[in-house]
Amino acid sequence: MFQTEQQTIEARIKAFCTANGIPLSVLEWKPIPFSGEWGMSTSFFAVAAAEARLGKKIDVAQRAQEIAEQVQSQVSGVPGLSHAEAVKGYLNLFFDTQEYTRRVVETVLDQKDRFGSGPATGQRVMIEFSHPNTHKAFHVGHLRGTILGDAICRILEFAGYDVVRANYPGDMGLHVIKWLWGYLKFHNGEEPSADITKWMGEIYAEASKRLEEDPDLETEVRSVYARWDKREPQIVALWERTREWSLEGFRQMYAALDVRFDVYYFNSQEEKSGKEIVEELVRRGIATDERSQGGAVIVKIDEVLGLAKEQFHTAVVLRSDGTALYATEDLALALHKFSDYPDLAKSLYLVDVRQSLHFTQIFKILEIAGHEQARKSGHISYELVTLPGNVVMSSREGTVVLLEDLLREATTRARAEAHKKNPSLTEAQLESVAKAVGLGALKYPMLARENTKMVTFDWKTALDFNGQASPYIQYAHVRCNSILRKAGVDITNLPPSAFDHSLEPAEVELIDWLSRFPSEVQRAAAEYKPLAIANIAYNTAKAFAGFYDACPVVQASPEIRAARLRMVAAVKQTLANSLALLGITAPEVM
RNA sequence: GCCCCUGUAGCUCAACGGACAGAGCACCUGCCUUCUAAGCAGUAGGUUGUGGGUUCGAAUCCCGCCAGGGGCGCCA
C-alpha cells in the first residue's frame, strides 16, 4: 500500500550506499513489530556482515546500527511517512498514521468482497479432493480432506487462479464387492433410509463383521467379484443402483457442507485405460509382468532408474489375476485429467499422508514413460484425524464419528447457545445462525492447523464455541454489523474520513491486521495453507474485540464516529472475506 | 533395512532466518444501567526433545541421536 514511497526510499538508500562504498545488495522490508504505531522496517545486518567478510574488523551489530543511523538522515521528508528511527541495526519507517489508515480503510471499502484478492494469473489448477468411497460411511476422518480441499480451492481462486474442483469417488473395489455381497445376503431388496450414507455404512460394517466372524464366507465374496469382472448384468445393475444411492447421499452431504465440485471422475471408469497403460509399460520394458510365475505386474522403479539406494521401491500396477487396482486407475486418471483440461498448469491431489509413496510412484512411472503431464502433477498431503488415544477412524472397525451425527450435534448445540445468548432471535434467524455457527465450529479446527499435523477429534473441543474458534470470529463480524445497524447510517453515504483524530493503539493494531490480509492470501495460496487465513481471521477478530472494548463508536463525537464507522465497515468486510475463504458463513446476527 | 511426518507453556496449537517465542483451553483476580459478556483486562506458566554445525542472528536451515506416528509388490 506504500509501494511508491517504498521505491522512493529504496532509491535514496541505494544512492547513499553507493556513494559511500557500502556494499548493499537487496533491501527487504517487513512490518515493524507492533509498538503503538506501525510502519515498515529493514535491517543492515547483511550489509555489515558483507563488510566484515571483506576484511574490515567490525562488530556486525554495531556497524549495522551505524549504517542505519547514517541512512536515516536520507529518508526524511518523504510524504506519507511521519518519521524514521534507527534502532538495534534496524531502520524503522513509521507511516503517517492518518494517511495509512485512510488508505487501508478506503481500499477495503472500495474493493469490497474483492479486498485481498490477487490479479488473475491466467493459470488453471485442478485440485482433486474428498474422493469418498461409495458404499461406505462418511466420517470425520473424511471431513478434513473435504474441508481443506474446499478452502484451498477458495483461496486459490481468490488469489487469482482458475480452479477446477475435482472429485474422485471410489465406486469400485473390494469394499464395494464386499458391500454388494452383504446386501444380497442380508438385506436384499431393502431401500435406503433418510440418512443414505449412514445406512450404506452400516451395511458395510455389518458385512465386514460377518466376514471377520466367519472367514469361510470369503469365497462367496470372491464369487461376487468374479461376477462383477464378467460384467454379469444382474450384478452390474445392482452396482449401478446402489452406487447411485451413495452418490445421492454425497450430494446431500456436500450441500450441507457448502462444498461443490466442477467435475467427477470415477475409478470404475479408469479401469480400462489403466490396463492399457500397464500393457504399454510392459511392452516398453518399464513394467515387469510376473504373472506367469504367479506374480503381479510391477514396476521396479529404483531399478529402472538405476538407483543404488532404494527410494521409490516397487509398485504393483496390476493384480496377478489381471484385475485393476487403484494404482492401475491412477495412472490413467492422471492423464485423463490433462486430456479433459489440456491447459492445466498444475494437477494436484489432496490425499492423506499415507498415500505419499503411492503418488510419488504413480507420477514417477508416468514420467519414466515420457508423459510430461506427470511433472505438473503433485500430491498435497495432510495428516489424519484420529480419536483420543491415537485411534484411527475405520469404517471397518466401526471406530468412527459419523458426519451426520456431528453435524446434527453441532447445529443443535449452536442453536441452543444462540437462543440463550440472544433470545430475541426469530425462528428463521435461529435456524441460519445454528447452521453457520455449527458448521463453522466444525470447519475451523480442521483448517487452523498445519496440514502435516494430526487432528485429534474429541467432542468437547469440537463443540467448544469459545476462544480461538470460528464462533469468536463470526461474533466479531456480528458485532461490527451491530454497530453499523445501531448507528443507523448507510455507510456508503458517508464520505471518506480523514482519520485525523489521534488513533488509539487498538485502532492502529486493527488497521495493521486489515492491511496484511492481501499478502496472507498470497501466502496461503502459494503454500496451500488455509492456516494462514485461519490465523489472520482470528487475529483480526481479536484486534477488533480489543477495539470494541476500548473505542466507543456510536457515542463518539461526530468526527470520530464517522471515521470509526468506516473502520468498522472495513473490518466487517475483511472478516467476511477471510471467513468466506474458509468456507464459513459470516452471520449478520447471532 | 529404506523413506516421510511430528516433538514449542500443564493441555491443544501459532510464530514469511530477525527485535522480548505468542494465542486458546484449564487455573486465579477483576469488568455487564454504556455499540450483544460467544466478550475485555490482569496474574501465572518456556533450557522450543537432545548434541553439534552454518549464520551477524536459529524454534525455523544442515548433520547425528532420542521419542512418537505413518509408509514400503497385488488395501485404498
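Because the structure is a prediction, the values reported are computed rather than measured.

Some points on the nonpolar core
If you look at the biggest cluster of nonpolar residues, it comprises 122 residues, and the most contacted ones within it are Ile9, Ile13, Phe44, Ile127, Phe457, Phe544 and Phe547. Considering every element that reaches this core, the biggest residue donor is helix H5 (residues 140-159), with eleven residues. Contact partners of isoleucine 9, with chain neighbours within four places excluded, come to Trp29, Met40, Val75, Val78, Leu81 and Leu93. Listed in part, the 26 residues of the second largest apolar core include Ile277, Ile286, Val297 and Val351.

Looking at the environment of lysine 112
Along the chain, the position of lysine 112 falls in the loop between helix H4 (97-111) and strand E5 (124-128). C-alpha separation for the pair lysine 112 and alanine 563, spaced 451 residues apart in sequence, amounts to 17 Å. Apart from the residues lying within four places of it in its own chain, the contact partners of lysine 112 are Gln573 and Asn577.

Notes on the sheet that holds strand E11 (residues 344-352)
In spatial order, the strands read E7-E6-E5-E11-E12; together these five strands make up an open sheet with parallel pairing. Two strands close off the open sheet at either side, each with one partner strand: strand E7 (263-264) and strand E12 (377-382). Set on the sheet, H5 makes contact with E5, strand E6 (162-167), E11 and E12; between it and E6 the angle comes to about 165°. Strand contacts of helix H13 (residues 356-368): E11 and E12, with the helix running at about 180° to E12, the strand carrying the most contacts.

Points about unusual backbone geometry
Positive phi outside glycine occurs at lysine 88, with the angle close to 55°. Mapped onto the fold, lysine 88 is located in the loop between strand E3 (81-87) and strand E4 (90-95). Despite not being glycine, tyrosine 528 has its phi angle at roughly 50°, a positive value. In this structure, tyrosine 528 sits in the loop between helix H19 (505-526) and helix H20 (530-550).

A word on the packing of aromatic side chains
Each aromatic ring pair is characterised by the separation of its centres together with the angle its planes make. Summed over all chains, the structure comprises 23 aromatic pairs. For the pair phenylalanine 138 and tyrosine 254, a centre-to-centre distance of 6.4 Å together with 85° between the ring planes defines the contact as edge-to-face. In this pair, phenylalanine 138 sits in the loop between E5 and H5 while tyrosine 254 sits in helix H9 (residues 233-257), placing the two residues 116 residues apart along the sequence. In this pair, the class of phenylalanine 138 matches that of tyrosine 254, namely buried. Aromatic pair tryptophan 179 and tyrosine 183: ring centres 5.1 Å apart, planes at 10°, arrangement stacked.

Structural notes on the protein's contact with RNA strand B
Around RNA strand B, a shell composed of 68 residues is seen, among which Tyr90, Tyr326, Gln355, Lys453 and Ser482 lie nearest. Expressed as a percentage, the sugar and phosphate content of the atoms of RNA strand B within 4 Å of the protein is 63%. Here a base oxygen of RNA strand B sits 3.1 Å away from a polar atom, N or O, in the main chain of valine 554. Contributing elements (two or more residues each) for the surface near RNA strand B: helix H2 (45-53), E4, strand E10 (314-318), H13, helix H15 (403-421), helix H18 (470-487) and H20.

Quick word on the side chain of threonine 328
Along the polypeptide, threonine 328 turns up in helix H12 (residues 326-340). Looking at threonine 328, the relative accessible area reads 0%, which means it is buried. Every residue in contact with threonine 328, bar those within four places of it in the chain, is listed here: Gly274, Lys275, Val278, Val317 and Leu318.

Here's the deal with the environment of histidine 358
Following the sequence through the fold, histidine 358 ends up in helix H13. Residue histidine 358 is classed as buried on the basis of its relative accessible area of 19%. Taking C-alpha positions, histidine 358 is 9.7 Å from histidine 379, a pair spaced 21 residues apart along the chain. When neighbours within four sequence positions are excluded, histidine 358 is seen to be in contact with Tyr326, Ala327 and Asp330.

Describing the pattern of salt bridges
Taken as a whole, this structure holds 46 salt bridges when the rule is applied. Among the salt bridges present, the one from arginine 354 reaches aspartate 352, with a minimum N-O distance of 3.1 Å. For arginine 354, a relative accessible area of 55% gives the class exposed. Put simply, arginine 375 and glutamate 372 hold a salt bridge, and the shortest N to O gap is 3.1 Å. Judged by relative accessible area, arginine 375 falls into the exposed class, the value being 54%. For glutamate 372, a relative accessible area of 49% puts it in the partly exposed group. One connected set of salt bridges, linked through shared partners, spans Asp150, Arg154, Glu157, Arg165, Asp258, Arg260 and Asp262.

Quick word on the pairing of E6
Consecutive side chains of a regular strand alternate in pointing toward one face of the sheet and then the other. When you tally the buried positions in E6, you get five out of six residues, the bulk of the element. In this sheet, E6 lies alongside E5 in parallel orientation, the contact comprising five bridges. Bridge assignment links methionine 126 to a residue of E6, and that residue is valine 164. A crossover connection joins E5 to the parallel E6 through H5; in handedness this β-α-β unit is right-handed.

Brief notes about a negative patch on the surface
A cluster of acidic side chains, namely Glu212, Glu213, Asp214, Asp216 and Glu397, defines a negative patch on the protein surface. Examined against the element boundaries, glutamate 213 turns out to sit in helix H7 (residues 196-213).

So, the domain arrangement of chain A
What the domain assignment lists for chain A is domain 1 (3-95), domain 2 (124-260 + 333-383) and domain 3 (403-581). Of note, the centres of domain 1 and domain 3, computed from C-alpha atoms alone, are 36 Å apart.

Some points on the sheet that holds strand E14 (residues 391-392)
One open sheet accounts for three strands, arranged E14-E13-E15; its pairing is mixed. Pairing within the sheet leaves two strands with one partner each, and these edge strands are E14 and strand E15 (455-456). Here strand E13 (residues 385-387) runs beside E15; their pairing, made up of two bridges, is parallel. The partner of threonine 386 across the bridge, within E15, is threonine 456.

Focus: the packing of helix H8 (residues 218-229) against H9
The N-to-C vectors of H8 and H9 enclose an angle of 95°; their axes lie 8 Å apart at closest approach. One way to sum up the angle between H8 and H9 is to call them roughly perpendicular. Seen from H8, the contacting residues are Val224, Arg227 and Trp228; seen from H9, they are Gln234, Ile235, Val236 and Trp239. Its residues assigned to classes, the contact of H8 with H9 comprises five nonpolar, one polar and one charged.

Observations concerning the packing of H2 against helix H3 (residues 60-72)
Following both chains from N to C, one finds H2 and H3 inclined at 120°, their axes separated by 8 Å at the closest point. Judged by the inter-axis angle, H2 sits oblique to H3. Helix-helix and strand crossings are classified by hand; for H2 and H3 the assignment is right-handed. Side by side, H2 and H3 meet where Phe45, Val47, Ala48, Ala49, Glu51 and Ala52 of the first sit next to Val60, Ala61, Arg63, Ala64 and Ile67 of the second.

Criteria and cut-off values
- Residues numbered from 1 in each chain as written.
- Chains lettered and ligands numbered in written order.
- Predicted model: local features only at pLDDT ≥ 70, side-chain atom pairs only at ≥ 80, totals over all residues.
- Heavy atoms only, no water.
- Core = buried A, V, L, I, M, F, W, Y, C linked by side-chain atoms within 4.5 Å.
- Buried < 20%, exposed > 50% of the residue type's maximum accessible area, 1.4 Å probe, protein only.
- Helix = DSSP H or I, 4+ residues; strand = E, 2+ residues; numbered from the N terminus.
- Contact = heavy atoms within 4.5 Å.
- Pairing = 2+ DSSP bridges.
- Axes fitted to C-alpha atoms, helices over the stretch in contact; angles between N-to-C directions.
- Phe/Tyr/Trp six-rings, centres within 6.5 Å; stacked < 30°, edge-to-face > 60°.
- Near = heavy atom within 4 Å.
- Polar contact = N/O pair within 3.5 Å; in protein donor to acceptor, adjacent residues only side chain to side chain.
- Salt bridge = Lys/Arg side-chain N within 4 Å of Asp/Glu carboxyl O.
- Right-handed = clockwise from strand over helix to strand, strands pointing away.
- Patch = residues over 30% accessible without salt bridge, like charges linked within 9 Å, V, L, I, M, F, W, Y side chains within 5 Å.
- Areas by Shrake-Rupley, 256 points an atom, 1.4 Å probe, with all protein chains shown as cover.
- Lys, Arg positive; Asp, Glu negative; His and termini not counted.
- Charge placed at Lys NZ, Arg CZ, Asp CG, Glu CD.
- Domains from an automatic or database assignment.
- Parallel < 35°, antiparallel > 145°, perpendicular 65-115°, else oblique.
- Nonpolar A, V, L, I, M, F, W, Y, C, P; charged D, E, K, R; others polar.
- Left-handed = near helix turned anticlockwise from the far one by under 90°.

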